[in-house]
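Each chain, letter by letter, is given below.
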Amino acid sequence: MTTLAKPRLRFSLDTVSNYAVIIAFAVVVVIFSLTADGFLTGSNLMNLISNKVVLLAIIALGMTIVIGAGGIDLSVGVSIDLSSMIFIMMIAAGYAGFFAIMGGLAAAFCVGLANAILINKLKINPFLATLGVLFIGQSIQRLSTQGGVPIYLTRAEYAAPFDAIARTNLAGVPAPIIVMILCIIAVYLALHRSVFGRYVAALGAQAEVARYSGIRVAFNLSVVFIACAVLSGITGILLSSTVRSYVPFAGDAFLLDAIGATFIGTAISAERRPSVIGTLLGVLLLAVMRNGLLLIGWNFFWQQVGIGVLVFLVLGLSFGLKKRSE
Amino acid sequence: MTAAIEMRGITKTFGPVKALTDATLVVQPGTIHGLIGANGAGKSTIIKILAGIYARTSGTVTVMGKEMGVITPATIEAEGVHFIHQDRLLVPTATVAEAIFLRNEPRFGPFISYRQMNRQASELLRQYFDMELDPRTLISDLSTAQQKIVQITRALANKAKVLVLDEPTAALVKKEVDNLFVVLRRLKAEGRAIVFISHYMAEIEEICDVVTVLRNGSDVGVVTPADVGIAKIVEMMTNRDASEMYPRREPVIGKPALSVRNLTVAGAFQDVSFDLYEGEILGITGLLGSGDKDLLKALFGQVTPDSGEIMLNGKTVHFRTPVQAVRNGVAKIPEDRRAHGVATGLSVGENISLASLDQMSSRGFVQRDAEARNVDALIAELGIKTPGRHTLVKNLSGGNQQKVVVAKWLSCNSQVYLLDEPTVAVDVGAKVEIYNLMNRLALEGKALIFLSSDLEEITEMCDRTLVIYRGEIIAEYQRGEIDANRLLAVASGAALNQKETA
Ligand SMILES: Nc1ncnc2c1ncn2[C@@H]1O[C@H](COP(=O)(O)OP(=O)(O)OP(=O)(O)O)[C@@H](O)[C@H]1O
Ligand SMILES: [Mg+2]
């Protein structure tokens, strides 16, 4: 006969602390299903995913890599906007959709490269380096749009490339969702299965130890920041291809949610590290909260309050219990 | 007489890990009380419970007759109990004087009097350790040994009634250890109680009046070293025979692996030349600040030499960064484990494979089975005490963290190994494991440079020993030509003139 130790209180505390995000997500979904009319409808969920989740998820994946490596990227908005701006300008100039997309991604790549150079060559810390790039990027947008005038391409003469993108789908799944899934798979493999992912974790935990272990710190950090910028660039193109316009500074709105989702996501790993799964849960939680609160009639400011309280609850539950059980 | 410290029935669990089980520690005033046990026995844990860093799961703590409820670092310091922890570092951006007088700064009205503070700090360092150190030096610029001395000085400045030292002599050279012992004896004569943790049995024998032996989280005996002898104590703590301390090896020396010619780093060492052969263990020894550490740094690309040449297998190399050194087959076990050796936020497995992922991956993806096999083999081989390879390194005891560093470099198949104090904080049993591994590497044709402040280790393990004094190599000995005591004399420069005339 085997004697199994009774699960003790500590065990269950640990469990609660590790699954706080999942529990919170489940609770939030249940509450909104009961209280918010139209929350559990197909059209609302589809709208939620393709408009809120996709864009935030891709940016947050980039942020997960950067924060995982011990950095921060305040310039994701610039990558989004510049990529979107170049993309729209090139379409307006008559380029084919493919080249416009490449142009947009190239712009985002340059933002990442600028960050990498500032951080590696000039040894500026990531917070300040990306903050500087954020300021410069905003100015570039102002200068190239007469102080921030949006570019709308809603007239019929521009419709062809957008229609082509909008028609693209795989077995009925629209292109943006496919793109998101591909990004998730790619980042998951990179962070959790590849050698690069280990180096990222080492940089995040203790960069000096990484250096002494023969890891090329500068090279890997460059990849990290460029990857984040390019992922943001992809978002910029998805964003502007659905609204068929470029609105200056539209990308800045994603910054805090991306950082928030990443940190909320750290609560699901026992080591409290950023992870792809955790970040996605964080994204879903934030998106569902926003959507649900909107449906039950809270305005934007009260939504912010609600989300703030939720973040405290989740992280407090998770980290507080973790501390307690030590 | 009331005991200075009385800890009874102490139990501490970390999740599923039971670090202490019903442990007892009773320390009388006016004694130096040794606390010994293998890596992971629970020494640091019981100390941290006393210090209020960990909350005990159960048990009672009495300090000078006063029963302590919940302990915090502030309440215990108020009772006059001071600690030099194994892994609590000083604030790296503070100056020496600021660190010594932290929370006890000499004041002028509401302001800190820096002039007075600096002067007093210099005085204390000179008075106790005979050390000339600019009190405005930043902590981050000090060596490990100097940081320890600053920590001890802080406790002295606070007039501690009870002083607890968790492995204070790790990485200290003999002269500093002697100074420390003079200080400890003085404190003892003044009626203070001292708890002293060390893996060096000779030190225990020399300084301790009584010893509590911990094994697997419980106290297995309180003995007087003078009565029972060290061999018996080692047996109590490890359950093994201590006679085979230094394993023998028949050296097979090959061709030169590393050649150094006229190497100079201004301000550290000058005109250093030597060869290191395949299959050789070469000891380098010198006093604190003699340039031995800087030499290793230059060989590992941490500092760029001002002149001279380094050749690897006959080819000149210029390492500008440790990365280049590692990629050319040079590995280094750094002295400062916490800053450079292990990433405490990563797991045991991630740390061990960090430097050798290239060998355990294909097309950029980690082969997790191969990695797990390799890691588990090394954990078993070195006897790393951990619940598994997924445990975070920060949850391991100090000595076991050191073994993780060693395991990391063993797994990466380098050609030249630079070992800077590899056995620091490692228990007697594990030291033998590390010696065995060094021997095995040498027999595989690797070339090893071995730095240690434990001179017996040097004379027993090395085929050849270079003595560096004030940045110059002043002597070279083959195995068996010199014993630890004479080596110390030579390294201190005392025997310099004799040697030259001989
Ligand atoms: N924070 C922690 N979380 C989980 N386990 C821990 C933690 N701290 C210590 N342990 C475990 O408790 C045991 C005792 O550790 P402790 O640090 O007291 O050993 P030690 O006797 O000081 O060893 P060493 O000589 O290596 O310093 C070890 O098995 C260690 O892995
Ligand atoms: Mg310890």
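Conventions and cut-offs
- Residues numbered from 1 in each chain as written.
- Chains lettered and ligands numbered in written order.
- Predicted model: local features only at pLDDT ≥ 70, side-chain atom pairs only at ≥ 80, totals over all residues.
- Heavy atoms only, no water.
- Helix = DSSP H or I, 4+ residues; strand = E, 2+ residues; numbered from the N terminus.
- Rg over C-alpha atoms; globule rule 2.2 N^0.38 Å.
- Buried < 20%, exposed > 50% of the residue type's maximum accessible area, 1.4 Å probe, protein only.
- Contact = heavy atoms within 4.5 Å.
- Areas by Shrake-Rupley, 256 points an atom, 1.4 Å probe, with all protein chains shown as cover.
- Pairing = 2+ DSSP bridges.
- Axes fitted to C-alpha atoms, helices over the stretch in contact; angles between N-to-C directions.
- Salt bridge = Lys/Arg side-chain N within 4 Å of Asp/Glu carboxyl O.
- Polar contact = N/O pair within 3.5 Å; in protein donor to acceptor, adjacent residues only side chain to side chain.
- Nonpolar A, V, L, I, M, F, W, Y, C, P; charged D, E, K, R; others polar.
- Core = buried A, V, L, I, M, F, W, Y, C linked by side-chain atoms within 4.5 Å.
- Phe/Tyr/Trp six-rings, centres within 6.5 Å; stacked < 30°, edge-to-face > 60°.
- Lys NZ or Arg CZ within 6 Å of the ring centre and 35° of its normal.
- 1 Å grid on protein atoms, 1.4 Å probe; cavity = no way out; pocket = protein on both sides within 12 Å on 5 of 7 lines; lining within 4 Å.
- Points joined across faces, edges and corners; volume = space filled by probe spheres on them.
- Disulfide = S-S within 2.5 Å.
- Expected span 1.5 Å × (residues − 1).
- Near = heavy atom within 4 Å.
- Domains from an automatic or database assignment.

Time to look at the overall build of chain A. For chain A, the helix and strand inventory stands at 13 helices and four strands. The C-alpha radius of gyration computed for chain A amounts to 21 Å, which stays within 12% of the reference 20 Å derived for 326 residues, consistent with globular compactness. Referenced to the eigenvectors of the C-alpha coordinate spread, the extents of chain A come out at roughly 75 × 55 × 40 Å. Among the 326 residues that make up chain A, the fraction classed as buried is 49%. Within chain A, contacts between residues separated by at least 24 positions form 78% of all contacts whose residues are at least 6 apart in sequence. In the structure as shown, chain A presents an accessible area of about 15200 Å², 71% of it carried by carbon and sulfur atoms.

It is worth spelling out the pairing of strand S23 (residues 464-469) of chain B at this point. Residue and element names in this part refer to chain B. Across the six residues that make up S23, a large majority, six, are buried. Residues Arg464, Leu466 and Ile468 of S23 are buried on one face, and the alternating residues Thr465, Val467 and Tyr469, pointing to the opposite face, are buried as well. As judged from the four bridges shared by strand S15 (residues 281-285) and S23, these two strands associate in the parallel manner. Looking at the pairing, Gly283 lines up with Thr465 of S23. As paired elements, S23 and strand S24 (residues 472-478) share six bridges and run antiparallel to each other. Opposite Thr465, over in S24, you have Tyr477 as the bridge partner. Following S23, the chain reverses through two residues before pairing antiparallel with S24; Arg470 in that reversal takes a positive phi of roughly 50°.

This next bit is on the sheet that holds S24(B). Residue and element names in this part refer to chain B. Within the open sheet, the six strands sit side by side as S18-S21-S22-S15-S23-S24. Their pairing is mixed. A strand with exactly one partner marks an edge of an open sheet, and here the two such strands are strand S18 (330-333) and S24. Neighbour-to-neighbour, the strand axes of the sheet open up by a mean angle of 20°, direction not taken into account. Docked against the sheet, helix H16 (residues 428-443) engages S15, strand S21 (416-420) and strand S22 (447-451), running at close to 150° with respect to S22.

To continue, consider the interface of chain B and chain A. Between chain B and chain A, the contact holds 34 residues from the first and 25 residues from the second. In this structure, B:Glu350 and A:Arg273 form a salt bridge, with 2.8 Å as the shortest nitrogen-oxygen distance. Where chain B meets chain A, there are ten residue pairs in polar contact (both at pLDDT 80 or more). Going through the elements one at a time, strand S1 (5-14), helix H11 (322-327), helix H12 (337-341), helix H13 (348-353), strand S20 (365-366), helix H14 (368-382) and helix H15 (398-410) of chain B are the ones with two or more residues in the side of chain B that touches chain A. Along the lines of polarity and charge, the residues of the side of chain B that touches chain A split into 15 nonpolar, eleven polar and eight charged.

Glancing now at the nonpolar core. Core analysis: the biggest nonpolar cluster contains 131 residues, and B:Leu184, B:Phe274, B:Leu299 and B:Ile449 have the highest contact counts within it. Ranked by residue count, the leading element in this core is H16(B), at nine residues. Once you skip the residues sitting within four places of it in the chain, B:Leu299 turns out to touch B:Leu258, B:Val260, B:Leu263, B:Phe274, B:Ile310, B:Phe319, B:Ala325, B:Val330, B:Leu418 and B:Ile449. With 78 residues, the next largest nonpolar core counts A:Val66, A:Ala129, A:Ile264 and A:Leu286 among its residues.

Turning next to the packing of aromatic side chains. In this structure the tally under the stated criterion is eight aromatic pairs over all chains. With centroids separated by 5.7 Å and ring planes inclined at 80°, the aromatic side chains of A:Phe300 and A:Phe301 adopt a geometry described as edge-to-face. Relative accessible area serves as the criterion here: at 47%, A:Phe300 is assigned to the partly exposed category. For A:Phe301, a relative accessible area of 61% gives the class exposed. Ring centres of B:Phe181 and B:Phe196 lie 5.8 Å apart, and the angle between their planes is 70°; on these two criteria the pair is classed as edge-to-face. With a gap of 15 residues between them, B:Phe181 in helix H6 (residues 174-189) and B:Phe196 in strand S10 (residues 193-197) connect regions that are remote in the sequence. Classification of B:Phe196 by relative accessible area gives buried; the value is 0%. Between the NZ or CZ atom of B:Lys12 and the centre of the ring of B:Phe14, over which it lies, the distance is 5.1 Å.

Let's shift gears to the sheet that holds strand S4 (residues 58-63) of chain B. Residue and element names in this part refer to chain B. Taken in spatial order, the four strands of this open sheet run S2-S1-S4-S5, and their pairing is antiparallel. The sheet is open, and its two borders are formed by strand S2 (17-27) and strand S5 (66-68), each paired with just one other strand. Strand-to-strand twist across the sheet, computed as the mean angle between neighbouring axes with direction ignored, equals 25°. As paired elements, S4 and S5 share three bridges and run antiparallel to each other. Along S5, the bridge assignment pairs Val63 with Lys66.

This next bit is on empty space enclosed by the protein. All names here are of chain B. Counted according to the given criterion, the structure contains two cavities of 30 Å³ or more. Taken as a whole, the largest cavity holds about 80 Å³ of empty space. Contributing to the lining of the largest cavity are Ile333, Val406, Trp409, Leu410, Tyr417, Leu419, Pro422, Ile434, Leu437, Met438 and Leu441. Looking at the lining of the largest cavity, the elements that each hand over two or more residues are H15, S21 and H16. By residue number, the principal contributor to the lining of the largest cavity is H16, which donates four residues. Taken together, the residues of the lining of the largest cavity sort by class into eleven nonpolar, no polar and no charged.

With that settled, the discussion passes to the state of the cysteines. The final tally for this structure, using the stated rule, is zero disulfides over all chains. Among the cysteines around A:Cys228, which has no disulfide bond, A:Cys183 carries the closest sulfur, lying 12 Å off.

The next thing to look at is H6(B). All names here are of chain B. The end-to-end C-alpha distance of H6, which contains 16 residues, comes to 22 Å, matching closely the 22 Å that a straight helix rising 1.5 Å per residue would cover. Three or more residues of H6 are buried, namely Glu176, Val177, Asn179, Leu180, Phe181, Val183, Leu184 and Leu187. Gly191 occupies a position one or two residues after H6 and carries a positive phi of about 90°.

Turning our eyes to something else, we now look at helix H6 (residues 126-144) of chain A. Counted at 1.5 Å a residue, the expected span for H6(A) with its 19 residues is 27 Å, and the 26 Å between its end C-alpha atoms agrees. The opening residue of H6(A) is A:Asn125, an N-cap whose side-chain oxygen sits 3.0 Å from the backbone nitrogen of A:Phe127.

Residues and elements named next belong to chain B. Close to ligand 1 lie 21 residues, the nearest being Lys43, Ser44, Thr45, Ser397 and Gly399. One of the backbone nitrogen or oxygen atoms of Ala41 is found 3.2 Å away from an oxygen atom of ligand 1. With respect to ligand 1, the backbone of Gly42 contributes an N or O atom lying 2.9 Å from an oxygen atom. Contact with the protein chains hides 92% of the accessible area of ligand 1, taken as 640 Å² for the molecule alone. Looking at side-chain class alone, the shell around ligand 1 contains six nonpolar, twelve polar and three charged residues. Among the domains, domain 1 (5-241) and domain 3 (336-413) are the pair contributing at least three residues each to the shell around ligand 1.

These values are about where atoms sit, not about what they do.
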